[in-house]
Structure formats: C-alpha cells, structure tokens
Amino acid sequence: MTQYQLNFEESRELLNRYHIEPMGRQVYSVSQALGAATNLGYPLVVKPVSRKIIHKSDQGAVFLNLKTAGDLESACNSIEKMMGRFSKEEGEGLLIQKMADKGFELLVGAKQDPGFGPVTMVGIGGIFVELYSDAAMGIGVLSRRDVERMLEDTRAGKVLQGFRGQTYDREAVIDLAMGISKLMAENPDIVELDLNPVIVYEKGFAVVDARLIRDTEHVAPLSEAVRDWKKKSVDAIFNAQSVAVIGASRPGTQGGVILKNCMGIQRLYPVHPKLKTIHGLTCYSSLEELPEVPDVCVFAVSPERTVTIFETFCKLGGKGAIIFSDGFAEMGRQDLEDRLVQLSNTYEVGFIGPNCMGVIDNFSGLNTNYIPVQRSVPPTPSNCVGVITQSGGIGLELLEMFGADNQNLGKWVSIGNAATTGVPEVLAHMGDDPRIKIIAIYLEGVADGLKLMGVGKEVAKKKPVLIIKGGMGGGAQAALSHTASLAGSHEAFKACCAQAGFYLVEELTEDPKILVNVLSILTSQPRTDGSRIAVVSVGGGAGILLADQVTEEGMTLSEFAPGTKQQMQQLIEKDLKPEQLAIKDKVLKNVGNNPIDLFGNCGDDRLLESLRIVDQDPNTDVIIAAIYLQVPLLSEYLPERLVELNQEMTKPLIISPRGFSEYVDRCRTYMAQKKLHTYTVPMIKPLRIALSIWKKYDISFLGIASPDSK
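Keep in mind the model is a prediction, meaning the values are calculated, not measured.

A. A look at the overall build of the protein. Scanning the protein from terminus to terminus reveals 25 helices and 29 strands. Each principal axis of the C-alpha distribution contributes one length, and for the protein these read about 90 × 90 × 35 Å. In the protein, which comprises 710 residues, the proportion classed as buried is 55%. Across the protein, contacts joining residues at least 24 apart in sequence account for 73% of those joining residues at least 6 apart.

B. Focus on the packing of helix α23 (residues 638-646) against helix α24 (residues 662-673). Relative to each other, α23 and α24 sit at 30 degrees, their axes nearing to 9 Å. With respect to α24, the element α23 is oriented roughly parallel. Crossing handedness for the pair α23 and α24: right-handed. The residues of α24 that touch α23, namely those facing Pro 639, Glu 640, Leu 642 and Val 643, are Cys 667, Tyr 670 and Met 671.

C. Representation of unusual backbone geometry within the structure. Of note, the amide linkage connecting Tyr 42 to Pro 43 takes the cis form, showing an omega dihedral of -5 degrees. Turning to its location among the elements, Pro 43 is positioned in the loop between α2 (30-40) and β3 (44-49). Residues Gly 353 and Pro 354 are joined by a peptide bond in cis, for which omega reads -5 degrees. Tracing the backbone through its elements, the reader meets Pro 354 in the loop between β18 (350-352) and β19 (358-361). The backbone of His 19 shows a phi angle near 60 degrees, a positive value even though the residue is not glycine. In this structure, Lys 675 takes a positive phi of about 70 degrees despite not being glycine.

D. Molecular detail of the nonpolar core. Counting residues in each nonpolar core, the largest one holds 58 residues, and the members touching the most others are Val 243, Ile 388, Leu 427, Ile 439, Ile 441 and Phe 502. The element best represented in this core is helix α16 (residues 489-500), accounting for six residues. Of all hydrophobic cores here, the second largest spans 49 residues; its members include Met 357, Ile 360, Val 622 and Ile 684.

E. Geometry of the sheet that holds strand β5 (residues 93-98). Sheet architecture is open: four strands sit in the order β2-β5-β3-β4, paired in antiparallel fashion. Edge positions in the sheet fall to β2 (25-27) and β4 (63-66), since each has one partner strand and no second. Adjacent strand axes in the sheet meet at a mean angle of 30 degrees, parallel and antiparallel pairs treated alike. Across two bridges, the pairing between β3 and β4 is antiparallel.

F. Spatial organisation of the sheet that holds strand β21 (residues 411-414). Ordered by their spatial adjacency, six strands build an open sheet running β19-β21-β20-β22-β23-β24, and the pairing between neighbours is mixed. If you trace the sheet from one side to the other, it starts and ends with β19 and β24 (503-505), each paired once. Across the sheet, the mean angle from the axis of one strand to that of its neighbour is 15 degrees, orientation sign disregarded. Both strand β23 (residues 465-469) and β24 contribute to a ladder of three bridges, which runs parallel. Looking at the pairing, Leu 466 lines up with Tyr 503 of β24. Strands in contact with helix α17 (residues 513-524) are β20 (385-389), β22 (438-443), β23 and β24; relative to β22, the strand with the most contacts, it is inclined by about 175 degrees.

G. Up close: the confidence of the model for the protein. In this model, the protein carries an average pLDDT of 89, and 93% of its residues clear a pLDDT of 70 or more. Confidence drops under pLDDT 50 across residues 473-487; counting only partners more than four residues distant or on other chains, this segment forms 46 contacts. A low-confidence stretch, residues 704-710 stays under pLDDT 50, and its non-local contacts, those more than four residues away or across chains, total 14 contacts.

H. Here's a closer look at the packing of α17 against helix α25 (residues 684-696). Two elements in contact, α17 and α25, have axes whose closest approach is 8 Å; the angle formed by their N-to-C orientations is 45 degrees. The angle between α17 and α25 places the two elements in the oblique class. Between α17 and α25 the crossing geometry is right-handed. Contacts from Ile 514, Asn 517, Val 518, Ile 521 and Leu 522 of α17 reach α25 at Lys 685, Pro 686, Leu 687, Ile 689, Ala 690, Ile 693 and Trp 694. In terms of residue class, the contact of α17 with α25 is made up of ten nonpolar, one polar and one charged.

The rules we used
Residues numbered from 1 in each chain as written. Predicted model: local features only at pLDDT ≥ 70, side-chain atom pairs only at ≥ 80, totals over all residues. Heavy atoms only, no water. Helix = DSSP H or I, 4+ residues; strand = E, 2+ residues; numbered from the N terminus. Buried < 20%, exposed > 50% of the residue type's maximum accessible area, 1.4 Å probe, protein only. Contact = heavy atoms within 4.5 Å. Axes fitted to C-alpha atoms, helices over the stretch in contact; angles between N-to-C directions. Parallel < 35°, antiparallel > 145°, perpendicular 65-115°, else oblique. Left-handed = near helix turned anticlockwise from the far one by under 90°. Core = buried A, V, L, I, M, F, W, Y, C linked by side-chain atoms within 4.5 Å. Pairing = 2+ DSSP bridges. pLDDT = per-residue confidence, 0-100. Nonpolar A, V, L, I, M, F, W, Y, C, P; charged D, E, K, R; others polar.

Shown next, in the form of structure tokens:
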C-alpha cells in the first residue's frame, strides 16, 4: 500500500512551513503524557496518533476535558489497549492537547483530484461533517477572491460573516485556506489533508486535529495549454473550403448520408475505390487522385483503413480531419488510436474523433452527421449558439429539441473519443469566433480538467459558457479522511465551473429542456437587468404555481405601481355585468395584485391590454403569461395577435401555454415559426439562469447572426 497517514510530528513539521501550527504534543508513553500535562496545564484532551485508528471520535478514542493526572492516566491506558502498544519508531503514540475554548468548528481540507490536481475545501466541521455536507471547493493555488467565493456558497461562510451578534476571524480562515492550497500544490504526494475541527474565534483559530495522507506513487496531472497547431486544425475544419469524404457511398449507407449532408460544401470530393459518381459528384479512388489536397478529410471506413489513409492525408499536407469511424479505443483497439495520435503529433494535423458524429457548421455548410435529415432535423439558419458534446446521442437529442422549438444553431460538435481534440480545443475555437456568442457543453468525463479550466477562464470573460454534466455520482473509494468522503469528482468539477466562470446546469439529468429553454430565452427575448417578475394568468391556478416557483428560484414578484393597479381595475370593471356593478368593490379588491388573474371570462382584448399595461409598469422587469388557449372566449386568432403584440413589447414576454392538446401544440408551432417562442415546463429555472447571464454579460443576444449566415 502506497498511502499512509503522517504522524503528528511529521504533520506539524510540514504545516509549520506554511505558518500553520496544530495544537498539542506527541508522546509515546503514559509517563511522557503526564510530563507534557504539567507544561500544558489542565484540562486536557488526549487522542491516539495511529494509522490503525482513522476516525478517532467514531471509535471512542478521543477523551475530553481531563482535569486531573488520574483522568489522564486512565484515558491513556484505554487508548493503549485499543492500539495494542505505543511505538516511537513506528510513530504510534498519543497526542496531548490543551482543552480548546469553545468557538465555531470549521473543516479545512484538501485532496489531490486525478483530473484537477489539488482541491481545497472549507465548510462546517466537527463530528457532523458528513451529515451537514456543507463544503465548497477550490482548485489549485487559491486567491483571496477564490476563498471568498467558496465561503459565500456555504452556511459556514454565513456564520463567519457574523451571526446573531457573534463575530469570527473570517480573514484568518481565508489565509488558512490559501496556505493549505499552496501546501497541496507544492507537495503533490500529500493526497488528503484534514484540519478538523479548526476552532475559529473572534481573533484567530486553533487547529485541534490534523490528518495528512501521503501517497509516494501519486502522479499529479499536468497543466497544459491548447497547442497552436491543434487550434489551427480546428479552425481549418470550421473554415473548410474543400472536403474529402473517405468512404462516401450510395444513398442509405453511413458514408452516403454523410456525403449528402455535406453537399453545402462547394468543393466536395467523394472517395471510394470502385464507384465513379455519387449524388452527381465525380468519385475518386484515392486521395492522390483528387485535383487538390483537401483542407479536411471525413473518415467513414474501417479503423485499419482510417489509420492508413490518415497518414497519407497528413503527408499530402491536409489541415484537419473528422474521424467518424469507430472500432478504436472504445472497442479495445487502443493500439490503433495510439497510432492516429502519433501521426497527428508528428505531422501536426489535428482531428475530431474517432467514434464521433463530427461537426455541423451552419455558417459554412459542413455537416458530417450520419443521421438522415428525414429521421432527425434539417440544418437551420445560423445563429450565435455553439454546442459541444461528448455524447453523440445527447447531442442528437439537443439538436431535435432545437428543431422542435424552431430555434437556430451556429455550430455543433460531437467530439467522440477526443483522442487529440477535446472540449478545450473546440471551446477555444468557439471562444475566438465572434459569430458565436453563447456556448453550451455536454460533458460526461473530464480527462483534461486543468486545460478546460484554463481555456474556460479566458472564454468566459467574453461570453457565457453553459455546462451540462452527466455522471455526477461517484466519490472516493476509500475515505481515509472527511475530505475524501465529501470531495468527489463531481464536487471538484463544480469548483472548476465556479472558478472558470461557467454556468453549471446540473438538472440535465432530469430534463434536457432546461438548457434549451435557457438558450431560447437569451436569443429570443430583449435583455433586462432586473429580476422582478409579473405573472399574468388566464386561469388562477397556473399563475399561483408559477408565482411560487419564481420566489423559490430567488427572484421577486413585482410590486405593481399604483397606476398599474388602477389601470387593471378599470380594465376589469368595464366588462362587469350589471348585477356585478353593485359589488364591484368586492370584485375588484384583489385586481392588480401579483399574480394577476384575468378570470375565466377573459377574451383576447382583455389579455392583450393587460400585457400592455404590465409592460409599462416601472416596477416590472419580466412578464410571464400563463394562458389556457383552450378556453372558449379566447379566439383562434389569439396566436396571431400575440405575435403582433410582441413587436411592441419592451420587456421579456415569457408565454407559457398550459396543456398539451393538439390545438395548443398547433398554436405553439405557429408562434415559434413567427419567432415568438413559448415555453412549457421547466421554465422558471431557465429564466433565472438567463437573468444571471444577462446580469454578468452586458450585451444582448437577440437577433445576433453572422452577416453571411444562411
């Protein structure tokens, strides 16, 4: 076993280098314990220093508030019985500490993550660490701002800010976390570290227990930047002027579908050893017969032939490749994939794949998707959205959700095995493309976490990056410390997102529509800085449900201005029947409150006029309209009238048609075709995410497209 726990003296020596002083003295006999007690003074704490006893409190091995020499001797004897014996040579002994004053118990821990390197955590400490699970993570050597962000995400941080008049030394805790992160970065063989509890006082703190785990064989991940030649290859793929499809074939085959989907490329060359023409294009038997060296090769042949022809392509001077072919590492043929990587590195020709669905670029017309259009979705006009996915299936699902909602797309990439070109390389490309304003990424695993975080920090300064993550479960297999039990791979990834500035949409596992709705709101609604929400409903129940969700997501319901309430009351009053006029004060009492219920007798004019009134309300930033289009008094012309109304609205109008009948679906489809997008659930969470993106990025995504978009 290469992992072992440092004893107290070893731990103290290392911690002292970073100006961290754990409490206590390590001794190796009862008599030494009694001698140490004379110097420290009672009351005392005694606990074992032993690799056999990991979680000391759980095993009843921590003795507190020992007030006499007799108490101390009895406790030491009990611990010796648990351990078997004390041994200075083996570092097995006792830790004697002065009983610490009461304060706020904190956990400061760290571990070496296989993808991200040192991950430091801060949260509520003590014996209930796992129960509270109140911890935030940070990657690498942390800055003061990093630790402040971590504390903002925890209940521990709120306590440290001052709670019910009690103040604590928050700045000292920040310095401590920064010091631990530096220790972990400079000592990668320390794979786990627990300071628990750290008792924080109004001034300073006491490190009551320190547990450090060393692994003599640990290999730290390397921090690597995106190589220039790989970036040039990705750029070439997305700006391809000429494309060869290796394995192009008759309609109905994978190679045939890919070729047909690439027909938007003017200089398109099918390559097949026997066929003369395909889809009216001259077919060539090999790369050497082509009239020019193509910028990009798309491979849809066996893995062995792919390797051979890719080498030829590299030697001819090709720029980049898309390897749709499977049968590589995912099928146990690591040797073939290694050969591709070797050729790529030698000739500096990057490729996407293998085992991928490749690229859809609605700017250039390149489309290597092997799904026939009639079974999926046709290419859309280009817009400002870029999508990167590790899963071809999830990528296809997102494509079809875009199509179902009549939303456009700029670029879409399925990276497959990502042998030479992974998410960081494609992200860097989209980050530099001024036509792409929003980037969405689906991830399952992170092999190059430090590179992703480094690239992401630069891209996220310019444009929002939304991350959806599969495979969120999984923690440490052997929890030698509290930190290991809390800081699993997903927690490290969340820290990566927070530090890079990504928006992590964790709910994809529940409903992928969340991401699609976020992108739809950003690209189809006018920008707003505020989060005061007005809910207007035809049918009171839907309005109440939406209003509840608004507040649950941390947004606020608008407090309408007096003029808005008066106009709403006048709007309802003019439709009152004669018998209702006598009790109009009672009828109108709640009219103008938020959410607004327009009652079951609402017609087109009342709905449209109410939306105009709320659009002018000075205390409202966003309008949500919950509409039962099925009710009799709303006409079949309402979708057309809503499309017209939307042209004059100044605020985001989030229309939520209620129900799932064919009629509702037809109305939604018509409005979407007229660029008035409507939203089924989930809707409020996507709105909250969109508002946070608008707040961070002072630009509007509405109507953005390339001047030469198709």
